[in-house]
Amino acid sequence: MGDLAHPEEFRAGLRDWLARVLPTLPDPPSPDDWPGRRAYDTAWQRMLHDAGYARLHWSASPVHRLILLEETERAGAPYVGANFVGLLHAGPTIAAEGTDAQRERWLEPILRGDEIWCQGFSEPGAGSDLASLRTRAVRDGDSYTVTGSKIWTSHAEIADWCELLVRTDPGAPRHRGISWLAMPMDAPGVTVRPLRTLAGSTEFAEVFLDGVRIPVANRIGAENDGWRVTMVTLSFERGTAFAGEIVACRRTLDELADAARANGRWVEPGIRRGLGRLAAHFTALWRLVQANVAEAERTGGVPGTGGSVVKLRYAHARQELFDLAALVLGDDALDLDHPWVPARLSSLAYTIAAGTSQIQRNIIAERILGLPKGG
């Protein structure tokens, strides 16, 4: 693409490209067909890459990056899907914290859609209290031997790589002695067991690690500096990873309004009031995302604590959106085949994923408002 065009010219060109290519896409696979979903999602990512748009995830101005998110969501383009950890978490972290060799090895395959990543952070005894993780990595020459388990690992069964947190110094204070490793999912000793969610899907898994050997060269950042690197990952997860979803929710609001008009629920004042209130909330959230991305651009590319504000409000606004969808649907709110119904069930997880709402409130209180830590 060369130098990026003026934002409005860029928007017009992107709209034209989307209008031409989206009608050529095949129908998406069944939600339970994970190999098919991987192939579908990565094919779309390759199209973005070949058209020159994929690199905008990390290396463009914030204005162009947000235009990409806005226009792809408004056009109903495929979501990043199975590639979301690589594109939105691991890739930005490696771009910010990795060596030149690590960037060369991993970033281009992520942008092309050649390699899928999953996240190995949470453990059965270390979810919101992530610093309690116990998965152990013992250094042996040029590699680590890793033993432990992870849970809630999205798309682990189709992933090529895992961003993995391990304890490399069990004698250090718990926020120290942690390292961030890139683990190949086909390494001997890795076992993946899918978990079925309330909505019936299996995008999460348990991952068991039994003497898995990972090269030291796969460590991002210094040994025992993994907590700081993890905060970089979580900054991207909270600060920018939800941007596309916010745009998608604004589109869902329009669809809800149309559905309410069609089925007669529009006459109910509570429905109209809820739609108007949520429209204001999602507009404000989008403005916050724009402000956070612009701030990150000024301060080195890593989103700041403002991402916790976005994540906190978005998690609850999403639940409110799909609770309202249930009111619009009426009896159909019990039909799992309607896309809004599993979306409503999955919305319950958003107050937990990427740090619980309680964690976000603590971050906002301490790091933004300057309040003292609780006893």
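Reading guide: rules and limits
Residues numbered from 1 in each chain as written. Predicted model: local features only at pLDDT ≥ 70, side-chain atom pairs only at ≥ 80, totals over all residues. Heavy atoms only, no water. Helix = DSSP H or I, 4+ residues; strand = E, 2+ residues; numbered from the N terminus. Rg over C-alpha atoms; globule rule 2.2 N^0.38 Å. Buried < 20%, exposed > 50% of the residue type's maximum accessible area, 1.4 Å probe, protein only. Areas by Shrake-Rupley, 256 points an atom, 1.4 Å probe, with all protein chains shown as cover. Lys, Arg positive; Asp, Glu negative; His and termini not counted. Charge placed at Lys NZ, Arg CZ, Asp CG, Glu CD. Phe/Tyr/Trp six-rings, centres within 6.5 Å; stacked < 30°, edge-to-face > 60°. Lys NZ or Arg CZ within 6 Å of the ring centre and 35° of its normal. Expected span 1.5 Å × (residues − 1). Polar contact = N/O pair within 3.5 Å; in protein donor to acceptor, adjacent residues only side chain to side chain. Patch = residues over 30% accessible without salt bridge, like charges linked within 9 Å, V, L, I, M, F, W, Y side chains within 5 Å. Salt bridge = Lys/Arg side-chain N within 4 Å of Asp/Glu carboxyl O. pLDDT = per-residue confidence, 0-100. Contact = heavy atoms within 4.5 Å. Axes fitted to C-alpha atoms, helices over the stretch in contact; angles between N-to-C directions. Parallel < 35°, antiparallel > 145°, perpendicular 65-115°, else oblique. Nonpolar A, V, L, I, M, F, W, Y, C, P; charged D, E, K, R; others polar. Core = buried A, V, L, I, M, F, W, Y, C linked by side-chain atoms within 4.5 Å.

Enquirer: Describe the overall build of the chain, with residues and values.
Expert: For the chain, the helix and strand inventory stands at twelve helices and eight strands. Against the globule reference of 21 Å for 375 residues, the chain gives a C-alpha radius of gyration of 21 Å, in line with a compact fold. Its C-alpha atoms put the chain at 70 × 50 × 45 Å along the principal axes. Considering the chain as a whole, with its 375 residues, one finds that 50% of them fall into the buried category. Of the roughly 17200 Å² that the chain leaves accessible, carbon and sulfur atoms contribute 53%. Of the side-chain charges in the chain, 41 are positive and 47 negative, and the distance between the mean point of each set is 6 Å.

Enquirer: Can you lay out the environment of aspartate 323 for me, pointing to particular residues and giving the numbers?
Expert: Along the chain, the position of aspartate 323 falls in helix H10 (residues 306-329). For aspartate 323, a relative accessible area of 37% corresponds to the partly exposed category. Taking C-alpha positions, aspartate 323 is 9.4 Å from valine 341, a pair spaced 18 residues apart along the chain.

Enquirer: For the packing of aromatic side chains, give the residues involved together with the corresponding values.
Expert: Under the counting rule described, the total for this entry stands at eight aromatic pairs. Both rings, one in tryptophan 17 and one in tryptophan 44, keep their centres 5.7 Å apart while their planes meet at 35 degrees; by these two values the pair is tilted. Highlighted residues: tryptophan 17 in helix H1 (residues 7-21) and tryptophan 44 in helix H2 (residues 34-50), separated in sequence by 27 residues. As far as the burial class goes, tryptophan 17 and tryptophan 44 line up, both buried. Every member of this aromatic cluster is reached through a ring pair, and the members are Phe10, Trp17, Trp44 and Tyr53. Seen from the ring of tryptophan 266, arginine 261 lies directly overhead, with NZ or CZ sitting 4.2 Å from the centre.

Enquirer: Describe in detail the environment of proline 339, supporting the description with residues and values.
Expert: As for its position among the elements, proline 339 is in the loop between H10 and helix H11 (340-347). Under the relative-accessibility criterion, proline 339 is labelled exposed at 57%. A C-alpha to C-alpha distance of 33 Å links proline 339 and aspartate 129, two positions 210 residues apart in sequence.

Enquirer: Describe H2, and please don't skip the residues or the numbers.
Expert: Look at H2: 24 Å from first C-alpha to last across 17 residues, which is about the 24 Å you get at 1.5 Å a residue. Three or more residues of H2 are buried, namely Trp34, Gly36, Arg38, Tyr40, Asp41, Thr42, Trp44, Gln45 and Leu48. Measuring from the side-chain oxygen of the N-cap residue of H2 to the backbone nitrogen of glycine 36 gives 2.9 Å; that N-cap residue is aspartate 33. Count one or two residues on from H2 and you reach glycine 52, which has phi positive near 90 degrees.

Enquirer: Outline a negative patch on the surface, listing residues and values.
Expert: On the surface, a cluster of negative charge is made up of Asp331, Asp332, Asp335 and Asp337. Looking at where aspartate 337 falls in the secondary structure, it is placed in the loop between H10 and H11.

Enquirer: Run through the pattern of salt bridges, naming residues and quoting values.
Expert: According to the stated counting rule, one finds 28 salt bridges in the structure shown. For aspartate 160, the salt bridge goes to arginine 38, with nearest N and O atoms at 2.9 Å. Of the two residues, aspartate 160 sits in the loop between strand E3 (143-150) and strand E4 (161-167) while arginine 38 sits in helix H2, which places them 122 residues apart along the sequence. Its relative accessible area of 19% is what places arginine 38 among the buried residues. Among the charged side chains, a network of salt bridges with common partners joins Glu8, Arg11, Arg15, Glu70, Glu71 and Arg74.

Enquirer: Any details on the confidence of the model for the chain? Residues and values, ideally.
Expert: Per-residue confidence for the chain averages 87 on the pLDDT scale, and 91% of its residues sit at or above 70. The secondary structure element of the chain with the lowest average pLDDT is helix H3 (residues 56-59), at 70, and the one with the highest is strand E8 (residues 219-220), at 98.

Enquirer: Which residues make up the side chain of arginine 318, and what are the values?
Expert: Following the sequence through the fold, arginine 318 ends up in helix H10. Given a relative accessible area of 11%, arginine 318 falls into the buried group. Residue contacts for arginine 318: discarding those within four places in its chain leaves Glu245, Cys249, Phe282, Ser347 and Tyr350.

Enquirer: Tell me about the packing of H2 against helix H6 (residues 100-112), and please be specific about residues and values.
Expert: Where H2 contacts H6, the two axes come as close as 7 Å, and the packing angle between them is 105 degrees. In this view, H2 runs roughly perpendicular relative to H6, as classed from their interaxial angle. Contacts between H2 and H6 involve Thr42, Gln45, Arg46 and His49 on the former and, on the latter, Glu108, Ile110, Leu111 and Arg112. A per-class count over the contact of H2 with H6 returns two nonpolar, three polar and three charged.

Enquirer: Tell me about H6, and name the residues and values.
Expert: When the terminal C-alpha atoms of H6 are compared, their 18 Å separation across 13 residues agrees well with the 18 Å that a helix rising 1.5 Å per residue should span. Two residues or fewer after H6 comes glycine 113, characterised by a positive phi angle close to 80 degrees.

Enquirer: Which residues make up the nonpolar core, and what values go with them?
Expert: Counting residues in hydrophobic clusters, the biggest one holds 42 residues, and the most contacted among them are Leu14, Trp17, Trp44, Trp117 and Trp180. Elements with a contribution of two residues or more to this core: H1, H2, helix H4 (62-74), helix H5 (84-97), H6, E4, strand E5 (178-184) and helix H7 (226-239). Considering each element in turn, this core owes the most residues, six residues, to H5. Setting aside residues no more than four positions away along its own chain, tryptophan 17 makes contact with Trp44, Met47, Leu48, Ala51 and Tyr53. One finds Ala257, Val310, Ala326 and Val328 within the second-largest nonpolar core, a separate group that totals 34 residues.

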